[in-house]
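Given next are the chains, with one letter for each unit.
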Amino acid sequence: MAAPGSEMETAAAAGLEELVCARGRNRKAVLCQRCGSRVLLPGAAVFARRELFLPSMKKKTALVANSDPDGDVLQDHWLVNDMFSFENVGFTKDVGNIKFLICADCEIGPIGWHCLDDKKSFYVALDRVSHE
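What counts, and at which threshold
- Residues numbered from 1 in each chain as written.
- Predicted model: local features only at pLDDT ≥ 70, side-chain atom pairs only at ≥ 80, totals over all residues.
- Heavy atoms only, no water.
- UniProt positions renumbered as here; feature names shortened; annotations may be inferred.
- Helix = DSSP H or I, 4+ residues; strand = E, 2+ residues; numbered from the N terminus.
- Contact = heavy atoms within 4.5 Å.
- Phe/Tyr/Trp six-rings, centres within 6.5 Å; stacked < 30°, edge-to-face > 60°.
- Buried < 20%, exposed > 50% of the residue type's maximum accessible area, 1.4 Å probe, protein only.

The protein chain has the name Guanine nucleotide exchange factor MSS4 in an unreviewed UniProt entry, where Eublepharis macularius is given as its organism. Turning to the protein chain, the UniProt annotation filed under Function (unreviewed entry) states: "Guanine-nucleotide-releasing protein that acts on members of the SEC4/YPT1/RAB subfamily. Stimulates GDP release from both YPT1, RAB3A and RAB10, but is less active on these proteins than on the SEC4 protein. Might play a general role in vesicular transport." Recorded under Subunit (unreviewed entry), the UniProt text for the protein chain is reproduced unchanged: "Interacts with RAB8A."

Peer 1: Describe the environment of Leu41, with residues and values.
Peer 2: Its location among the elements puts Leu41 in the loop between strand E2 (38-40) and strand E3 (46-55). With 47 residues separating them along the chain, Leu41 and Asn88 place their C-alpha atoms 10.0 Å apart. Here Leu41 is in contact with Asn26, Ala29 and Glu87, once residues within four sequence places are set aside.

Peer 1: For unusual backbone geometry, give the residues involved together with the corresponding values.
Peer 2: Omega for the peptide link from Gly109 to Pro110 comes to 5°, which places this bond in the cis form. In this structure, Glu107 is a non-glycine residue whose phi angle is positive, near 60°.

Peer 1: Hey, could you go over the packing of aromatic side chains for me, with residue numbers and the actual values?
Peer 2: Using the criterion set out here, one finds four aromatic pairs in the structure. Between the aromatic rings of Phe86 and Phe122, the centroid separation amounts to 6.1 Å while the plane-to-plane angle is 85°, which identifies the pairing as edge-to-face. Separated by 36 residues along the polypeptide, Phe86 in the loop between strand E5 (71-80) and strand E6 (90-91) and Phe122 in strand E10 (residues 122-125) bring together distant segments of the chain. The exposure class of Phe86 is buried, given its relative accessible area of 9%. Each member of the aromatic cluster is reached from another via a ring pair, and the members are Phe86, Phe91 and Phe122.

The structure is reproduced here in structure tokens:
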């Protein structure tokens, strides 16, 4: 009998296989979970593992106003190297040297993270978006 955690890991790996192609890129379009707006086209991002803290999902105004937010440390992301690769994304005001990525249509977020020190790394958390 397998350990309880290993079944979950196997299911997660199967889910990743469905989302990530052999070249490591997204197989499916990336969409906002709330409104369904298209954030990225298939093939526009590379799968990356990096632990990043994202505040809980809120409207943009609540996100910027809350200086000590609740949130999650997320590990699985789509990495985008050019902000013009996005179909639809918005950014919060600076929070330290971080800008959080939000849906530009419904302004819910954060769906991702961008450090102002690194102009070519935009992370979109797999747990904060849906795929089609």
